[in-house]
Amino acid sequence: MAFTCATGKHRRPSRMQRTTVRAAGVAALATTGVMATVASTPAFAAEPTPEQTGLIPVVTAGEAVVEQLDDQVAVQKQAAFEEAARQAAAKKAVEEREARVRAAREAERKRLNTFVIPITGSYVSTGYQASSSLWSSGSHTGIDFHAASGTTVHAVGSGTVVEAGWGGAYGNQVVIRMHDGTYTQYGHLSSIEVSVGQQVTPGQRIGLSGATGNVTGPHLHFEARTTPEYGSDMDPVAYLRNHGVNV
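Residues numbered from 1 in each chain as written. Predicted model: local features only at pLDDT ≥ 70, side-chain atom pairs only at ≥ 80, totals over all residues. Heavy atoms only, no water.

Novice: Before we go on, may I ask you to explain the side chain of Ser-122 in this structure?
Specialist: Checked against the element boundaries, Ser-122 lands in the loop between helix H5 (55-112) and strand S1 (124-126). Look at Ser-122 and you get buried, because its relative accessible area is 16%. Separated by 2.5 Å, the side chain of Ser-122 and the backbone oxygen of His-146 make a polar contact. Setting aside its immediate chain neighbours within four residues, Ser-122 contacts Ile-117, Phe-145 and His-146. (Helix = DSSP H or I, 4+ residues; strand = E, 2+ residues; numbered from the N terminus. Buried < 20%, exposed > 50% of the residue type's maximum accessible area, 1.4 Å probe, protein only. Polar contact = N/O pair within 3.5 Å; in protein donor to acceptor, adjacent residues only side chain to side chain. Contact = heavy atoms within 4.5 Å.)

Novice: Looking at this structure, how should I read the confidence of the model for the chain?
Specialist: Low-confidence regions, as indicated by low pLDDT, have predicted coordinates that should not be scrutinised in detail. Taken over all residues, the pLDDT of the chain has a mean of 82, while the share at 70 or more is 73%. In this model, residues 1-10 is a region of pLDDT below 50 whose contacts with residues beyond four sequence positions or in other chains number 0 contacts. pLDDT under 50 marks residues 18-45. Its contacts with residues more than four places away, or in other chains, come to 13 contacts. (pLDDT = per-residue confidence, 0-100.)

Novice: What is the right way to read unusual backbone geometry from this model?
Specialist: It is generally the case that most residues other than glycine have a negative phi and that most peptide bonds are trans. Look at Gln-129: it is not a glycine, yet its phi comes out positive at around 65°. On the secondary structure map, Gln-129 appears in the loop between S1 and strand S2 (143-146). For His-188, which is not a glycine, the phi torsion comes out positive at approximately 65°. For His-188, the location among the structural elements is in strand S6 (residues 183-192).

Novice: Would you explain the environment of Gln-198 in this entry?
Specialist: Counting through the fold element by element, Gln-198 comes out in the loop between S6 and strand S7 (199-200). Counting along the chain gives 22 residues from Gln-198 to Ile-176, while the straight-line C-alpha distance between them is 9.4 Å. Among residues more than four places away in sequence, those in contact with Gln-198 are Gly-159, Thr-160, Val-161, Glu-193 and Gln-204.

Novice: I keep staring at the nonpolar core and nothing clicks. Help me out?
Specialist: Soluble globular proteins tend to bury their nonpolar side chains together. Phe-145, Val-174, Ile-176, Tyr-186 and Ile-206 are the most contacted members of the largest nonpolar core, which totals 25 residues. Where this core is concerned, the elements lending two or more residues are S2, strand S5 (172-178), S6, strand S9 (219-225) and helix H6 (236-242). The contacts of Ile-176, once residues within four sequence positions are left out, are Ala-155, Gly-159, Thr-160, Val-161, Val-162, Thr-182, Tyr-183, Thr-184, Tyr-186, Val-200 and Ile-206. (Core = buried A, V, L, I, M, F, W, Y, C linked by side-chain atoms within 4.5 Å.)

Novice: Please clarify how the packing of aromatic side chains should be interpreted in this entry.
Specialist: Two aromatic rings, taken as a pair, are described by how far apart their centres are and by the angle between their planes. Here the structure, examined in full by the defined rule, presents 4 aromatic pairs. Residues Phe-115 and Tyr-239 carry aromatic rings whose centres are separated by 5.9 Å and whose planes lie at 75° to one another, so their mutual orientation is edge-to-face. Of this pair, Phe-115 sits in the loop between H5 and S1 while Tyr-239 sits in helix H6, placing them 124 residues apart in sequence. By relative accessible area, which is 5% here, Tyr-239 ends up buried. Geometrically, the ring pair formed by Tyr-170 and Tyr-230 is tilted, given 6.5 Å between the ring centres and 55° between the ring planes. In this pair, Tyr-170 is assigned in the loop between strand S4 (159-166) and S5 and Tyr-230 in the loop between S9 and strand S10 (233-234), connecting sequence segments 60 residues apart. A residue is classified by how much of its surface remains accessible, and Tyr-230, at 45% relative accessible area, is partly exposed. (Phe/Tyr/Trp six-rings, centres within 6.5 Å; stacked < 30°, edge-to-face > 60°.)

Novice: Can you walk me through the pattern of salt bridges in this structure?
Specialist: Pairing of side chains with opposite charge becomes possible as their charged atoms draw close. Taken as a whole and judged by the stated rule, the model has 4 salt bridges. With a shortest N-O distance of 2.7 Å, Glu-83 and Arg-86 are connected by a salt bridge. Of this pair, Glu-83 and Arg-86 both sit in helix H5, 3 residues apart, which is roughly one turn of the helix. With relative accessibility at 47%, the residue Arg-86 sits in the partly exposed group. Residue Arg-109 is joined to Glu-106 by a salt bridge in which the shortest nitrogen-to-oxygen separation is 2.5 Å. Of this pair, Arg-109 and Glu-106 both sit in helix H5, 3 residues apart, which is roughly one turn of that helix. (Salt bridge = Lys/Arg side-chain N within 4 Å of Asp/Glu carboxyl O.)

See the structure below:
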């Protein structure tokens, strides 16, 4: 009987087939408990290690990048914190400076609105509207403050000098228009230290007391008026007390 033989060459199993067979063999060995022994054979030892695949260098490089990013974030946070602190300090400095300016302005406003006694530590030696033949009107149009010749005379408040010179019976005198629209007069001065148009402040020295004009001795004659002219006088004691001066 005749046999027919295949004339083609035997083909090797494909790569997929080899992989499938190998996987099946590994599974069988694992089932029989031989896997641990076979794993140490040269065939298995030839499998690529993680170092050979490049996984460890990649992971290490990734960690370095993360650390670098963390450092950058930390630096940025510190810079942001320092900038916030700088801005807060600058804002506080501005607020404190503005508060000092406001306080200084308020203190100056109060000072300019303050009234003082014209002769420090003095007292009224002759009262308002006292009767005597010494005065042409028959009564005293102001008050006299006890003062030796050469004693400093102060402006009682803020205002503008409208008269500074000889005033007849008043001798050397200064008349000041006060900020509230009233007028104050200082008579019998031995010297005058301000001029017309000059601005004065409370307590400013405007001259020295004396005995010029119609007097019997040195003192300061002080008047409060509604106008700069003689005859518009009002009670000087009440005037000063209304402005907070203890007379």
